[in-house]
Amino acid sequence: MAQGQEDQPRDERNPGVPLDLGWLREVRANRSAVERRAATLPTRRTVKREWQAAWLLRAITCLDLTTLAGDDTPGTVRRLCAKARHPVRSELLEALGVPEERIQVAAVCVYHNLVPVAVAALRGTQIPVAAVSTGFPAGQIALDQKLAEIAASVRAGAREIDVVISRAHVLTGNWQALYDEVRAFRIACGEAHMKTILATHELATLRNVGMASLVCMMAGADFIKTSTGKEAVNATLPVGLVMTRAIREYYERTGYRVGLKPAGGIRSAKTALDWLILMKEELGDEWLSGRLFRIGASGLLSDIERQLSYFVTGHYAAAHYNPLV
Ligand SMILES: O=C[C@H](O)COP(=O)(O)O
């Protein structure tokens, strides 16, 4: 850890550090070793059966409840926000002895143009709206348009901005360009927290994932995020392992804690638990809250609720009890 930063307040944002190309050259990622280690994670008994309900509730509090579809309407977003306010049926929480106000999702994530609808629908709650900006999902628009989109999302009330990086900068090894781009995004975000989407499946190698993770953190990312949900392959544990190791190393060298957001294709409670185990094993308990861990998912909540219902009643609830998400 950098000298003098041992006392860094736990909630201080990562301000970024100068680009360090020497550090990038040290990055290694042995695919077969990474895959072996990732394969052992779900078999670990970190989440004991009797604690599963508590872990599932924890997953909800780390959830970026998302809708990012071409056919999203204001109505879809309003329904999602209503679910965000009450993610679990009251009788289940009551049976679990958990006060309703303790269980809220971490954020609602929508397309840039639907931010005002979500902001209005969440008024009176603490739930922030996250916008996907910068030409999501491909990011194939000019930099000034990306910056204008971020600024417009922030003006519309988004408190979190999920940006996509230019994959081309990674694939051509132009780390300075990637650093400059993400730095400019961070400045445009201002007070809004920035999650940098790497679209890892499009970065060709795990080493590139490791290097891109570091560059984004050096440029001031609050979170690094695996995927848009639109790539052919999205959040996987091997990629998550490489990213958590980069986060750990960044923390050890700079003293700043950066969060992880796996996103895309996370639909089952079991997969959500696998990610929580990864965070606990690789980064420790400090990373097990919405401040440093998010799951981006559009279809996960209904399975979590189903599993909670099973935990409470011993059988699965009929589908109409768990509508929408
Ligand atoms: O950021 C969130 C992802 O786009 C959600 O992907 P998903 O629809 O596969 O859950």
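You'll find the structure just up there.
As the structure is a computational prediction, the values presented were derived from the model and not from experiment.

Novice: Help me understand the site of the ligand in this model?
Specialist: Taken together, 13 residues are adjacent to the ligand, and Gly229, Ala263, Gly296, Ala297 and Ser298 come closest. Here the residues of the shell around the ligand sort into 5 nonpolar, 8 polar and no charged.

Novice: What is the right way to look at the pairing of strand β3 (residues 129-132) in this model?
Specialist: One face of the sheet, then the other: side chains in a regular strand alternate in exactly this way. Residues Val129 and Ala131 line one face of β3 and the alternating positions Ala130 and Val132 line the opposite face, and both faces are buried. As judged from the 4 bridges shared by strand β2 (residues 107-111) and β3, these two strands associate in the parallel manner. In the strand pairing of β3, cysteine 109 is matched with alanine 130. Looking at chain direction, β3 and strand β4 (residues 160-164) are connected through 3 bridges and run parallel. Bridge pairing links valine 132 to aspartate 162 in β4. The β-α-β motif built from β3, the intervening helix α7 (residues 143-155) and the parallel element β4 has right-handed crossover chirality.

Novice: Hey, could you run me through the environment of alanine 82 in this one?
Specialist: Locating alanine 82 in the fold gives a position in helix α4 (residues 74-85). For alanine 82 and alanine 219, which are 137 residues apart along the polypeptide, the C-alpha to C-alpha distance reads 35 Å.

Novice: Honestly, the sheet that holds strand β5 (residues 193-197) in this entry has me stumped. Any pointers?
Specialist: The strands that make up a sheet are held in pairs by hydrogen bonds between backbone atoms, and each pair lies either parallel or antiparallel. The strand order across the open sheet formed by 8 strands is β7-β6-β5-β4-β3-β2-β1-β8, and the pairing between neighbours is parallel. Both edges of this open sheet fall to β7 (259-261) and β8 (295-297), since each of them pairs with a single strand only. The average angle at which neighbouring strand axes cross in this sheet is 25 degrees, direction not considered.

Novice: Just to check I follow, could you spell out the nonpolar core for this structure?
Specialist: A general trend in soluble globular proteins is that nonpolar side chains are found buried together. Residues Leu63, Val108, Ala118, Val129, Ala212, Val215 and Ala272 are the most contacted members of the largest nonpolar core, which totals 98 residues. If sequence neighbours within four positions are ignored, alanine 118 has contacts with Val77, Cys81, Val108, Val110 and Val129.

Rules used throughout
Residues numbered from 1 in each chain as written. Predicted model: local features only at pLDDT ≥ 70, side-chain atom pairs only at ≥ 80, totals over all residues. Near = placed C-beta within 6 Å. Nonpolar A, V, L, I, M, F, W, Y, C, P; charged D, E, K, R; others polar. Buried ≥ 20, exposed ≤ 12 C-beta atoms within 10 Å, placed from the backbone. Helix = DSSP H or I, 4+ residues; strand = E, 2+ residues; numbered from the N terminus. Pairing = 2+ DSSP bridges. Right-handed = clockwise from strand over helix to strand, strands pointing away. Axes fitted to C-alpha atoms, helices over the stretch in contact; angles between N-to-C directions. Core = buried A, V, L, I, M, F, W, Y, C linked by C-beta atoms within 7 Å. Contact = placed C-beta atoms within 7 Å.

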